[in-house]
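Chain residues, written in single-letter form:
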Amino acid sequence: MEPQDISANSEITQSAIGNYLKEAFKSVGEITQFGVRFFKELLLPPYEFKAFFIQCYKIGNKSLPLVAITGFIMGLVLTLQARPTLAEFGAESWLPGMVALSLIREIAPVITALISAGKIGSGIGAELGSMKVTEQIDAMEVSAINPFKYLVVTRILATTLMIPLLVFFADGIGMLGAYVGVNIHNHVTLIRFFHQAISKINFIDIIPATIKSVFFGFFIGLIGCYNGYTADNGTESVGKAANTAVVMASLTIFIIDMLAVQIIDLL
Amino acid sequence: MQVQELPIPIATDSGLIKDVIQIKNLHKTFTDREHEVLKGVNLTVAKGENVVVLGKSGTGKSVLIKCIVGLMAIDEGEINVFGKNISELSEKELNDVRVKMGFLFQSAALYDSMTVRENLNFPLRRSLKHLSAKEKEERILEQLHNVGLESAIDKMPSALSGGMRKRIGLARTLILKPEIMLYDEPTTGLDTITSKEISELILSVQKKNKTTSIIITHDMECAKLTADRIVILKDGFIVAEGTYSSLENSQDEWVRSFFNK
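The structure displayed is predicted, hence computed values, not measured ones.

Each value, and the rule that gives it
- Residues numbered from 1 in each chain as written.
- Chains lettered and ligands numbered in written order.
- Predicted model: local features only at pLDDT ≥ 70, side-chain atom pairs only at ≥ 80, totals over all residues.
- Helix = DSSP H or I, 4+ residues; strand = E, 2+ residues; numbered from the N terminus.
- Buried ≥ 20, exposed ≤ 12 C-beta atoms within 10 Å, placed from the backbone.
- Contact = placed C-beta atoms within 7 Å.
- Pairing = 2+ DSSP bridges.
- Axes fitted to C-alpha atoms, helices over the stretch in contact; angles between N-to-C directions.
- Parallel < 35°, antiparallel > 145°, perpendicular 65-115°, else oblique.
- Left-handed = near helix turned anticlockwise from the far one by under 90°.
- Nonpolar A, V, L, I, M, F, W, Y, C, P; charged D, E, K, R; others polar.

Enquirer: Explain the overall build of chain B here, please?
Expert: Along the backbone of chain B there are nine helices and 10 strands. Principal axes of the C-alpha set define a box for chain B whose edges measure 55 × 45 × 45 Å. Split into buried and exposed, the 261 residues of chain B put 41% on the buried side. Considering only contacts within chain B whose residues lie at least 6 apart along the sequence, 67% involve residues at least 24 apart.

Enquirer: Sorry, what's going on with the environment of Ala108(B) here?
Expert: All names here are of chain B. Its place among the elements puts Ala108 in the loop between β6 (101–104) and α3 (116–127). Considering only alpha carbons, one finds Ala108 and Lys166, 58 residues apart in sequence, at a separation of 5.2 Å. When sequence neighbours within four positions are dropped, the list of residues in contact with Ala108 reads Arg165, Lys166, Ile168 and Gly169.

Enquirer: Please explain the sheet that holds strand β4 (residues 76–81) of chain B as it appears in this structure.
Expert: Strand pairing in a sheet is mediated by backbone hydrogen bonds. Such pairs are either parallel or antiparallel. All names here are of chain B. Spatially, the four strands line up as an open sheet ordered β2-β1-β4-β5, and their pairing is antiparallel. Edge positions in the open sheet fall to β2 (35–46) and β5 (84–85), since each of these has one partner strand only. In the sheet, strand β1 (residues 19–30) pairs with β4 via five bridges, with the strands oriented antiparallel. By the bridge assignment, Ile23 is partnered in β4 with Ile79.

Enquirer: Help me out: how do you make sense of the packing of helix α4 (residues 95–133) of chain A against helix α7 (residues 190–199) of chain A in this one?
Expert: A packed helix pair is summarised by two numbers, namely the angle formed by the two axes and the spacing between the axes. All names here are of chain A. Viewed as axis vectors pointing N to C, α4 and α7 meet at an angle of 60 degrees, and their least axial separation amounts to 7 Å. In terms of their interaxial angle, α4 and α7 are classed as oblique. As α4 packs across α7, the resulting crossing turns out to be right-handed. Judged by residue contacts, Pro96, Gly97 and Ala100 of α4 engage Phe193, Gln196, Ala197 and Ser199 from α7. Taken together, the residues of the contact of α4 with α7 sort by class into four nonpolar, three polar and no charged.

Enquirer: Explanation requested: the pairing of strand β3 (residues 50–55) of chain B in the structure shown.
Expert: Regular strands place their side chains on alternate faces of the sheet. Residue and element names in this part refer to chain B. Of all six residues making up β3, six are buried, and the element is well covered by its neighbours. The two faces of β3 match: Asn50, Val52 and Leu54 on one face and Val51, Val53 and Gly55 on the other face are all buried. With five bridges connecting them, β3 and strand β9 (residues 229–234) associate as parallel partners. From the neighbouring strand, Val51 faces β9, where its bridge partner is Arg229.

Enquirer: Honestly, helix α1 (residues 61–68) of chain B in this entry has me stumped. Any pointers?
Expert: For an α-helix, 3.6 residues make a turn, and residues three or four places apart therefore share a direction. All names here are of chain B. With respect to burial, α1 is a largely interior element, eight of its eight residues being buried. If you check which residues of α1 are buried, you get Lys61, Ser62, Val63, Leu64, Ile65, Lys66, Cys67 and Ile68. Just beyond α1, the residue with positive phi is Gly70, at close to 80 degrees.

Interpretation in functional terms is not warranted from these geometric data alone.
If you want it as structure tokens, here you go:
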């Protein structure tokens, strides 16, 4: 290859990276503006309580089966994977406590958030995107209804409240999965299992995980709503909104998790 | 292009001419497309008048009515509705004006997640909170009767045909008893018979409720049936204006081409 070609390719690559970064920063800026608008609209009346409770039901209640299955499998698999290593050191009795700590501190919040980003985030992105394309959002606006307040504020609030609750639910079901996992090889009563598990958990293990889950929920709602609400016209943009919502929300969950671990470590 | 200016006085009930919509030197550009769609549109619509806007696709007809209702911000010029400059209104003031306007979208824009009853009840719950549940139900039934679809009250929008959706969309728009109606291609995508039914419905609405209407359409049968006055948009300007018969017999070949002549 000629040296000139390498130089030209390098310029093209730099230009592509530059454009990508420009778009990424633009998106971050727009989402920030969207978030600021959320807090402004949140505080101003009228308050959409009915729509908020409907969203809580849709986001929370309808996600229970998926979270339950995922939580159960998480607990079961974690127990089965950890057991041989602990057995080597004769520390099988630590299994309930270890699984409980892993689930509560890290695995249940992150996995539940990722599952929710896939189910709830994409659902919100697709629903609002579809409403935008079919002019339903415009129809609300011309009927003197604030669509941002009715559609966006209620959904972000609902995800912020429901994701931590789903995480608690996943914690509980995950522990049941772990109990089944333990009983595949040994016989432990349910009361003894939970007594061993809970004795290893401190208040400090629950609070950071809950705060982290609140942030996960907020960003899943915010990113889903942003992508749907700002979708372009055309049916293609509905799929794009759903897809982008999942990708951005999943990435954000990992970034928040990384920051949370660092902050907790400092404390 | 010869511009025809045919001012048509419209007498209101009081015998006075009153313009409810005044558009002065309206400019609208889409920055992402770097394309100026409207380049100085001037239009006045008198109370009780039905104005049909014609023009090729992409000439800014829908943009024009979206600017009137405040869905799109204008770049330059002035839009006065009921004497109020839309661009200078606060959100609350704009909503007060919007309640007096109805907008029938091209796709009818029914809320997919709600039944027909809920679709009609939604604007009522928001804008006419003082009405009792019984009064709201009566108003819903009255509007569905007007469009001949009482039987569809508990259906979901996905269970309705294109024509039925348009009728329900019209019923939802009329439920707040607007004084101005804006129709965005009301007959697009419908068969000839249904198109005629919708056009007749628009006309009967106008006669019954004494509404002022702007109708965007490509359907010349609809234009012929509903228009008191027709304006034609081209290249961001209104290039011709007059009654259906005057434009049909225009000296300008391009204008006549709309009428298949």
